[in-house]
Amino acid sequence: MRSAPRQEPVSVLDRILAILETVRESHGSTTITQLALATGIPKSTVSRLVGDLVRQRYLTRTAEGVVIGLRLFELGARASTPRRLSLAALPVLAELFNATGEHLNVAVQEGSEMLSVVSVRGRLRPAPSHAGVRVPSITTALGKAVLAFTHDELAFGSVVTGLDLRSRLTFEKELVSVRTEWVAIDRCETFPGVVGVASPVLSPDRIPVAAISVAGPVTDMDPNRMAPLVRHAALALTNRLALQVA
Amino acid sequence: MSDADGDALGVLDRMTRILEAFDQDDGGMGISELALRAGLPKSTVSRLVGTLVRQRYLERDGKHIHLGLRLFELGQLAQQPRELRTAALPVMADLRNKTGQNVHLAIRDGHEMVCIAVMRGRSTTPSRVRTGGRLPMHATALGKASLALASPTDVDQVLAGELEAWTPRTITDRPALRRQLADIRRGELAAEVREFAPDVSCAAVPVRGPADSVAAAVSVSGHADDVDPGLLEQPLRAAATALGLRLATMRSTLR
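Here is what the cut-offs are and how they apply
Residues numbered from 1 in each chain as written. Chains lettered and ligands numbered in written order. Predicted model: local features only at pLDDT ≥ 70, side-chain atom pairs only at ≥ 80, totals over all residues. Helix = DSSP H or I, 4+ residues; strand = E, 2+ residues; numbered from the N terminus. Buried ≥ 20, exposed ≤ 12 C-beta atoms within 10 Å, placed from the backbone. Contact = placed C-beta atoms within 7 Å. Nonpolar A, V, L, I, M, F, W, Y, C, P; charged D, E, K, R; others polar. Axes fitted to C-alpha atoms, helices over the stretch in contact; angles between N-to-C directions. Left-handed = near helix turned anticlockwise from the far one by under 90°. Domains from an automatic or database assignment. Parallel < 35°, antiparallel > 145°, perpendicular 65-115°, else oblique. Pairing = 2+ DSSP bridges. Core = buried A, V, L, I, M, F, W, Y, C linked by C-beta atoms within 7 Å. pLDDT = per-residue confidence, 0-100. Expected span 1.5 Å × (residues − 1). Arc of directions from axis to C-beta.

Asks: Give a detailed account of the overall build of chain B, specifying residues and quantitative values.
Replies: When its secondary structure is counted, chain B shows 9 helices and 8 strands. Dimensions of chain B, computed from C-alpha atoms along their principal axes, come out at roughly 60 × 45 × 40 Å. Burial analysis of chain B (255 residues in total) assigns 41% to the buried set. The contacts of chain B with a sequence gap of at least 6 include a subset with a gap of at least 24, amounting to 55%.

Take a look at the structure:
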């Protein structure tokens, strides 16, 4: 059941996580009142839990309310997947940046979106995404590169759920060509004037674990010229990750 | 079985113990080891881990548990580190290119420093300090640079705590530390010679924020035989000034 406010979280841990999730979604300062409204938790309880979260440095108070605190920054820097991926990706990204000079991302699937774990700034201003930012799977090259190779029916379903039959068939046809070419393209579908080219990064058992992308201005970046470079980078990252595991 | 009847701080404390059980070299661990490190009963850990995995604060890979993607995402949103990093990265790259050594950016949090960004130099001594890592104030140049500009009561409070000896060279003598802080206040470079790691030396400068506050500290560190604080002073001070200006510009464009 989805309704706003969401089903009221019952256990203390669920309530704590619901508060943190709401602060995340607000992308800035949130007040106790807003948190109570969004989570359905009584205001007095929110106030007490936020006090505890501030004391333990998960949140920080500002003039406007609360924001994400330093403890989450510290813990987040130790998270396994982004650490492992960026460690393996940095030399690959450096080489790809030298070859292209464009905006680069390595992203992983997160529900029906792609979450950037490491990015390099190119000439796009403002940069369309950076580490920690989510972009929609259905329109981005990153998302399509992973979806074309995924075995996760559930994740696939959640992405295409809003499409009518005709759009869904067009989309699946596009994914067939991604599987042949090993490259997905986003022609200004997500950000106006921005074209993206991405290729999947696979685990040793051929499950897509990430995608790597190049993005640039549509007026000036030829996706066909980028395709082999991105494919090469994704393959290099796939191999480096396999080495890490071994 | 619900933890709703337990008091809130209890649950949060347990969550913190579980999350903090994962150190910087996150190789992952099973429930038993996690329970041991967190100092909690296995059944409690098992139940909390179930929820934390569902919410992606933790992730399971076979029997191993790691810190998860949601923590990374939340951490990237932390405003202060993000703004500082954005402003600092070009300045840090420039400083790294000029010195060839490891460059760190840290901010103060309570009685410790938190490393916000690391840029590796050509130095053969890999930095032990990682982004998100915590550093003691008394044993690091970053900490001394920041503490030197703190109020006298603030300095008293930090020095009243335990001063751990990280190496045989760590200064744990309070009067000696106070003399160093006074020298730094008078304009000397904050430095540390093999005081935090046996082979590493470091020099640091504070970065000014609005109204003369200390926004951060920047350091250059490398193998103790290669680091000459005298040669580092000019590039470090230039970097601190450049970063202070960039922060001020960023703030004024945000307002």
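Next comes the rest of the description.
Asks: Quick one: what's the story with the interface of chain B and chain A, residue by residue and with numbers?
Replies: Chain B puts 39 residues into the contact, and the matching count from chain A is 35 residues. For the side of chain B that touches chain A, the elements supplying multiple residues, two or more each, are α1 (8–20), α3 (42–54), β2 (64–67), α4 (69–77) and α5 (79–99) of chain B. Of the residues that constitute the side of chain B that touches chain A, the class distribution is 18 nonpolar, 14 polar and 7 charged.

Asks: Describe unusual backbone geometry, with residues and values.
Replies: Residue and element names in this part refer to chain A. Note the cis peptide between R125 and P126, where omega equals -10 degrees. Within the secondary structure, P126 sits in the loop between β4 (113–120) and β5 (134–136). Phi is positive for W182, which is not a glycine, with a value near 65 degrees. Counting through the fold element by element, W182 comes out in the loop between α8 (165–181) and β6 (184–187).

Asks: How would you summarise the packing of helix α2 (residues 32–39) of chain A against helix α3 (residues 43–55) of chain A if you had to cite specific residues and measurements?
Replies: Residues and elements named next belong to chain A. One can describe the packing of α2 onto α3 by two numbers: an axis separation of 9 Å at closest approach and a directional angle of 120 degrees. Crossing handedness for the pair α2 and α3: right-handed. Of α3, the residues touching α2 (which contributes I32, T33, L35, A36 and T39) are K43, V46, S47 and V50. Looking at side-chain class alone, the contact of α2 with α3 contains 5 nonpolar, 3 polar and 1 charged residues.

Asks: Lay out the domain arrangement of chain B with the relevant residues and their values.
Replies: According to the domain assignment, chain B consists of domain 1 (3–74) and domain 2 (78–254). The C-alpha-based centres of domain 1 of chain B and domain 2 of chain B are spaced at 32 Å.

Asks: Before we move on, can you summarise the packing of helix α1 (residues 12–26) of chain A against α2(A) with the specific residues and values?
Replies: Residues and elements named next belong to chain A. Closest axis-to-axis distance for the α1/α2 pair is 10 Å, and the angle between their directions is 115 degrees. What the angle tells us is that α1 and α2 run roughly perpendicular. By crossing handedness, the relation of α1 to α2 is classed as right-handed. Here A18, I19 and T22 of α1 come into contact with α2, specifically with L35, A38 and T39. Of the residues belonging to the contact of α1 with α2, the class tally is 4 nonpolar, 2 polar and no charged.

Asks: Tell me about the sheet that holds strand β8 (residues 208–217) of chain A, residues and numbers included.
Replies: All names here are of chain A. If you walk across this open sheet you meet the 6 strands as β5-β4-β3-β8-β7-β6, and the pairing is antiparallel. Strands with a single pairing partner mark the edges of an open sheet, and in this sheet they are β5 and β6. The mean angle between the axes of side-by-side strands here comes to 30 degrees, regardless of whether they run parallel or antiparallel. Both strand β3 (residues 103–110) and β8 contribute to a ladder of 5 bridges, which runs antiparallel. Residue pairing for β8: N105 is matched across the bridge by S213.

Asks: Hey, could you go over the nonpolar core for me, with residue numbers and the actual values?
Replies: Of all hydrophobic cores here, the largest spans 144 residues; its most connected members are B:A106 and B:V218. Among the elements that line this core, the one with the most residues is α1(A), at 8 residues. If near-sequence neighbours (up to four positions away) are discounted, B:V218 is found in contact with B:V103, B:L105, B:A204, B:V205, B:V207, B:L236, B:A239, B:A240 and B:L243.

Asks: Break down the sheet that holds strand β6 (residues 190–193) of chain B for me, citing the residues and quoting the values.
Replies: All names here are of chain B. Pairing is antiparallel in the open sheet, where 6 strands are placed in the order β5-β4-β3-β8-β7-β6. If you trace the sheet from one side to the other, it starts and ends with β5 (134–136) and β6, each paired once. Ignoring which end each strand starts from, the neighbouring axes of this sheet average 30 degrees apart. Bridge count between strand β4 (residues 112–119) and β5: 3 bridges; the pairing is antiparallel. Residue M113 lies in a different strand from β5, and its bridge partner there is L135. Here α5 sits on the sheet in contact with β3 (102–109), β4 and β8 (214–223), set at roughly 60 degrees to β4.

Asks: Let's hear about the confidence of the model for chain A: which residues, and what values?
Replies: In this model, chain A carries an average pLDDT of 91, and 96% of its residues clear a pLDDT of 70 or more. Note that residues 1–5 of chain A has pLDDT below 50 and, in this model, 5 contacts with residues that lie over four places away or in other chains.

Asks: I'd like to hear about α3(B), residue by residue, with values.
Replies: Residues and elements named next belong to chain B. Between its first and last C-alpha, α3 extends 18 Å over 13 residues, near the 18 Å set by a 1.5 Å rise per residue. Buried residues of α3: V45, L48 and L52, and no others. Projection of α3 onto a plane perpendicular to its axis shows the buried side chains occupying an angular sector of 75 degrees, all on one side. Set apart from the buried face of α3 by more than 90 degrees, the exposed residues are S43, G50 and R54. Where α3 ends, the next residue or the one after it, R56, has phi of about 65 degrees, a positive value.

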